[in-house]
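Fold and geometry: a report
For reference, the chains in residue letters:
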Amino acid sequence: MASAHPIESAAKVGAAVRGEFPIFETATYLNSCSQGALSHRVREAVEGWLAGWDANGAEWEFWVERNEAFRSSIAALLHARTDDVAVTTSVSQGVSALVSGLPLEGERNRIVISEYEFPTVGQIAHAQELRGAEVVHVAPGEDGSIDADRFAEAIDERTALVCCTTLSYRSGHRHDVTAIAEIAHEAGALVLADSYQACGAVELDVRSLGADAVTGGTVKYLLGTAGLGFMWVRPEVHEALVPTQTGWFADEDIFAMSIADYSPHASARRFDSGTPPVPSLYAGVAGISLVAETGVPAVEAHVHALGDRLLDGLEELGASVVTPRDAARRGPLVCVRSTDVGALVGALAGERIVVSSREDKLRVALHLYNVEEDVDTLLAALARNRALLA
Ligand SMILES: Cc1ncc(COP(=O)(O)O)c(C=O)c1O
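On a predicted model such as this, the values are computed, not experimentally measured, just so you know.

So, on to the pattern of salt bridges. According to the stated counting rule, one finds 29 salt bridges in the structure shown. Between lysine 12 and glutamate 293 there is a salt bridge; the shortest N-O distance is 3.2 Å. Taken together, the residues span a long stretch of sequence, with lysine 12 in the loop between helix H1 (7–10) and helix H2 (15–18) and glutamate 293 in helix H11 (residues 278–294) at a distance of 281 residues. Two residues, aspartate 143 and arginine 329, come together in a salt bridge whose shortest N-O distance is 3.8 Å.

Encoded structure:
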């Protein structure tokens, strides 16, 4: 049912959630692309892990339950079935397990990757050259975007896997994963969408996204901490793909304790690995609950409105913005060129404005807890440091 009010007015965003995040008492925090802000809730969850350990020793069953609670939270976030979600310790672990199950020695030995992949995806792809794979890179066009057509030129019947990150960590561009997946599927290739820079701030629905595997982690917009990730894998794919990189939590029965065979779980749990990252599970479940209470569509609408304000201000400053203006082609990350980005990040840090950089670009990340004042504070500081903007 359509609401009579704008989505933001009822949503738990901006000032309505800011009190959960102590960092805003002392800083303008615009760095969720590196690490989400710490909330009271996540702190309490991690302290709960320590308290339980103190009081009860090994809470093994509860830890396994936390692992499953995390899996269910991710399933809800992605509109997926719990059985199709692997709990991983990083994107790297999940993607390595996925790729380890691809037969890359034959005719279909190519991995196509966008130039916007995070280093770990590119490095894992190139590691497969040792198994006979060929890696093909898809470069951005003049406007910085990598359209589906550019992927089409690189994909053919030799392609086993296409890696198209949902949102570039270094430019803020969003790929049209659905269009790219259509092209890949026509050629018989699988599609991996590393969605670390999107999950929690961009609505992702695996039922319509088109990718065969979607991965991410809890450090950024999911408001947890390091050491925990996930990988959704389409059921037809995980049923057919047998990873050779594995661990006992990927076994069909982790309590069988057998060293006599390899029996991967029937579900996407076959991409899990060893003992789960218990402290990170406590933090991850709590962090995701904050995002879930707001709802990703409301976060996305909030972030886009703040992004519009930021882009307007940057335009007024005559800055060289790398991220597309079109709301459908960007997410929570806005990147802008600098003549000396180290100096600029440092100057902003001196004013307690926390941002980050990649190459020659300043990265400004917006999330549910940011408000218009954060954007205005940044813009005013950028105006004072105009000489450092390209
Ligand atoms: C797009 C993207 N993928 C992956 C990662 C991290 O991968 P991993 O979980 O393997 O450290 C990051 C950031 O750290 C990222 O921005």
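That covers the picture; the talk isn't over yet.
Further remarks concern the site of the ligand. Within the structure, the ligand sits among Ser90, Val91, Ser92, Phe118, Tyr169, Asp194, Tyr196, Gln197 and Lys220. Between the ligand and valine 91, the relevant distance is 2.9 Å, taken from an oxygen atom to a main-chain nitrogen or oxygen of the residue. Contact between the ligand and lysine 220: an oxygen atom at 3.1 Å from a side-chain N or O atom of the residue. Protein burial of the ligand: of its 400 Å² of free accessible surface, 82% is covered by the chains. Residues belonging to the shell around the ligand are distributed by class as follows: four nonpolar, three polar and two charged.

Right, let's talk about unusual backbone geometry for a bit. Here the phi dihedral of methionine 257 falls at roughly 55°; this positive angle occurs in a residue that is not glycine. Its relative accessible area of 59% is what places methionine 257 among the exposed residues. Look at arginine 352: it is not a glycine, yet its phi comes out positive at around 60°. Take arginine 352: its relative accessible area is 44%, and that puts it in the partly exposed class.

The subject of this paragraph is the sheet that holds strand E9 (residues 333–337). If you walk across this open sheet you meet the three strands as E9-E12-E11, and the pairing is antiparallel. Two strands bound the open sheet, and with one partner strand each, they are E9 and strand E11 (356–358). On average, each strand axis in the sheet is tilted by 35° relative to the strand beside it, whichever way the strands run. Sheet topology places E9 next to strand E12 (residues 361–365); five bridges connect them, and they run antiparallel. Along E12, the bridge assignment pairs arginine 337 with lysine 361.

On to the sheet that holds strand E7 (residues 213–217), then. Judged by pairing direction, the sheet is mixed, and its seven strands sit side by side in the order E2-E8-E7-E6-E5-E3-E4 without closing on themselves. In this open sheet, the two edge strands, each paired with only one partner strand, are strand E2 (85–88) and strand E4 (134–138). On average, each strand axis in the sheet is tilted by 20° relative to the strand beside it, whichever way the strands run. Here four bridges tie E2 to strand E8 (residues 229–233), and the two strands are oriented antiparallel to one another. Considered in E8, the bridge of threonine 88 is made with glycine 229. Here helix H4 (residues 60–78) sits on the sheet and contacts E2 and E8; the angle it forms with E2, its principal contact strand, is near 125°.

Another aspect to go through is a negative patch on the surface. There is a patch of like negative charges on the surface, built from Asp147, Asp149, Glu153, Asp176, Glu182 and Glu186. Counting only elements with at least two residues in the negative patch, the list comes to helix H7 (148–154) and helix H8 (177–186). Looking at the secondary structure, you find aspartate 147 in the loop between E4 and H7. Take aspartate 147: its relative accessible area is 41%, and that puts it in the partly exposed class.

Take histidine 367: it is sitting in the loop between E12 and helix H14 (372–384). With residues up to four places along the chain from it excluded, the contact list for histidine 367 reads Ser32, Gly200, Ala201, Tyr221, Leu223, Val291, Val299, His302, Val303 and Leu306.

The next thing to look at is the side chain of aspartate 205. With respect to the helices and strands, the residue aspartate 205 is situated in the loop between strand E6 (190–194) and helix H9 (206–209). Discounting chain neighbours no more than four positions away, the residues touching aspartate 205 are Leu78 and His79.

Another aspect to go through is helix H3 (residues 40–56). The α-helix winds at 3.6 residues per turn, so residues separated by three or four positions along the chain end up facing the same way. The end-to-end C-alpha distance of H3 is 24 Å, a good match for the 24 Å that 17 residues give at a rise of 1.5 Å each. Within the sequence span of H3, burial applies to Val42, Ala45, Trp49 and Gly52. Each buried residue of H3 sits inside an arc of 80° when the element is viewed along its axis, so together they form one side. Turned more than 90 degrees off the buried face of H3, the exposed positions are Glu44, Asp54 and Ala55.

How each quantity is defined
All residue numbers here refer to positions counted from 1 along the written sequence of the relevant chain. Only residues with pLDDT of at least 70 are given local features in this predicted model, and only at 80 or more are side-chain atom pairs given and counted; all residues enter the totals for whole chains, interfaces and linings. Hydrogens are left out, water is left out, and the side-chain values use all remaining heavy atoms of the structure. We define a salt bridge as a contact between a side-chain nitrogen of Lys or Arg and a carboxyl oxygen of Asp or Glu at a distance within 4 Å. The numbering of helices and of strands both runs from the N terminus, where a helix is a DSSP run of H or I of at least 4 residues and a strand a run of E of at least 2. Any residue with at least one heavy atom within 4 Å of a molecule or strand is counted as near it. Whenever two N or O atoms come within 3.5 Å, that pair is a polar contact, provided that in protein one can donate a hydrogen and the other can accept it, and provided that, for residues adjacent in sequence, both atoms are side-chain atoms. The method behind every accessible area is Shrake-Rupley, applied with a 1.4 Å probe, and residues are considered shielded solely by the protein chains displayed. Gly is placed with the polar residues, together with every amino acid not listed as nonpolar (Ala, Val, Leu, Ile, Met, Phe, Trp, Tyr, Cys and Pro) or charged (Asp, Glu, Lys and Arg). Buried residues are those whose accessible area, probed at 1.4 Å on protein chains only, stays under 20% of the maximum for their type, while exposed residues exceed 50% and partly exposed ones sit between those limits. Pairing between strands requires that DSSP locate at least two bridges from one strand to the other. An axis is simply a line fitted to the C-alpha atoms; with a helix, the fit covers only the stretch in contact. Between two such axes, the angle follows the N-to-C directions and lies from 0 to 180 degrees. By definition, residues are in contact when any of their heavy atoms lie within 4.5 Å. Patches in this entry comprise residues that are over 30% relatively accessible and not in a salt bridge; like charges within 9 Å are linked, as are nonpolar side chains (Val, Leu, Ile, Met, Phe, Trp, Tyr) within 5 Å. Only four residue types enter the charge count: Lys and Arg as positive, Asp and Glu as negative, with His and the chain ends excluded. By convention, the charge on Lys lies at NZ, on Arg at CZ, on Asp at CG and on Glu at CD. Each residue after the first adds 1.5 Å to the expected span of a helix. Taken from the helix axis, the directions to the C-beta atoms give the arc we talk about.

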